[in-house]
Amino acid sequence: RLGTGRRKGGSVTLDVGGDFDVTLRLGTSVEPEADLVGLLAQSLAAALRCRRMLIQTELLRGALDTISSSVFIFDRSGDILFASPSADRLLSLQTEDELLVGCNDHPKQPLFTILSTLVDTVAATDPTAKTWKGVLEFDDGRVMACEVGRLPEPAIDVPAAVLVLLHPVGSEATARVQAFA
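Residues numbered from 1 in each chain as written. Predicted model: local features only at pLDDT ≥ 70, side-chain atom pairs only at ≥ 80, totals over all residues. Heavy atoms only, no water.

Caption draft 1: Just the overall build of the chain, in detail. From N to C terminus, the chain includes 4 helices and 9 strands. Moving toward the C terminus, one meets the helices and strands of the chain in the order β-β-α-β-β-α-β-β-α-β-β-β-α. Scored against the burial criterion, the 181 residues of the chain give a buried share of 29%. Here the contacts in the chain between residues at least 6 apart in sequence split such that 47% fall between residues at least 24 apart. About 11600 Å² of surface is accessible on the chain, with carbon and sulfur atoms providing 57% of the total. (Helix = DSSP H or I, 4+ residues; strand = E, 2+ residues; numbered from the N terminus. Buried < 20%, exposed > 50% of the residue type's maximum accessible area, 1.4 Å probe, protein only. Contact = heavy atoms within 4.5 Å. Areas by Shrake-Rupley, 256 points an atom, 1.4 Å probe, with all protein chains shown as cover.)

Caption draft 2: The packing of aromatic side chains, seen in detail. Going through the model one piece at a time under the given rule, you end up with 2 aromatic pairs. The interplanar angle of 35° and the centroid separation of 5.8 Å between the aromatic rings of Phe-72 and Phe-74 together place this pair among those described as tilted. Between the aromatic rings of Phe-72 and Phe-112, the centroid separation amounts to 5.6 Å while the plane-to-plane angle is 80°, which identifies the pairing as edge-to-face. One end of the pair, Phe-72, is in strand E3 (residues 70–75); the other, Phe-112, is in helix H3 (residues 111–123), with 40 residues separating them in the sequence. The exposure classification of Phe-72 matches that of Phe-112, with both residues buried. Among the aromatic residues, those joined into a ring-pair cluster are Phe-72, Phe-74 and Phe-112. In this structure, Arg-142 packs its charged tip against the face of Phe-138, placed 4.8 Å from the ring centre. (Phe/Tyr/Trp six-rings, centres within 6.5 Å; stacked < 30°, edge-to-face > 60°. Lys NZ or Arg CZ within 6 Å of the ring centre and 35° of its normal.)

As structure tokens, this is what we get:
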């Protein structure tokens, strides 16, 4: 029983910011082993942390589903680990018809050729280096502010990653202001 207070129990503080009064009875034992109570408290704390992370993941997914910016996460070898819904739309446009893009007065190239080059460049730089910011001009007249940067090295065993943000803007002048703000 958690929080009933019917029998003598201990108070357990979990690292999720809450205090819980705990009464635990296992079988016929009036006083369960302290190690068992500690293990159960740790298990409950882990379950609450997982629940909090699930809520945060769902909130982030909802935010990424509604923004107009395209969000890509690449691994350091250039493979796509994640693409937001608007980024997925760009991917499908790229496969249906080649999206040619100009960047910094370079000849127009397919969008993902340019993104791969930028990801390679940023991945090879010093981790403390600033992100790359610029403007991408599409053949169809669209203009997007682009930012490419390394994500912080994770504390857990996941691949190092590079984040690419593409944000539609109204004009080239607006894009340049936003890209370098």
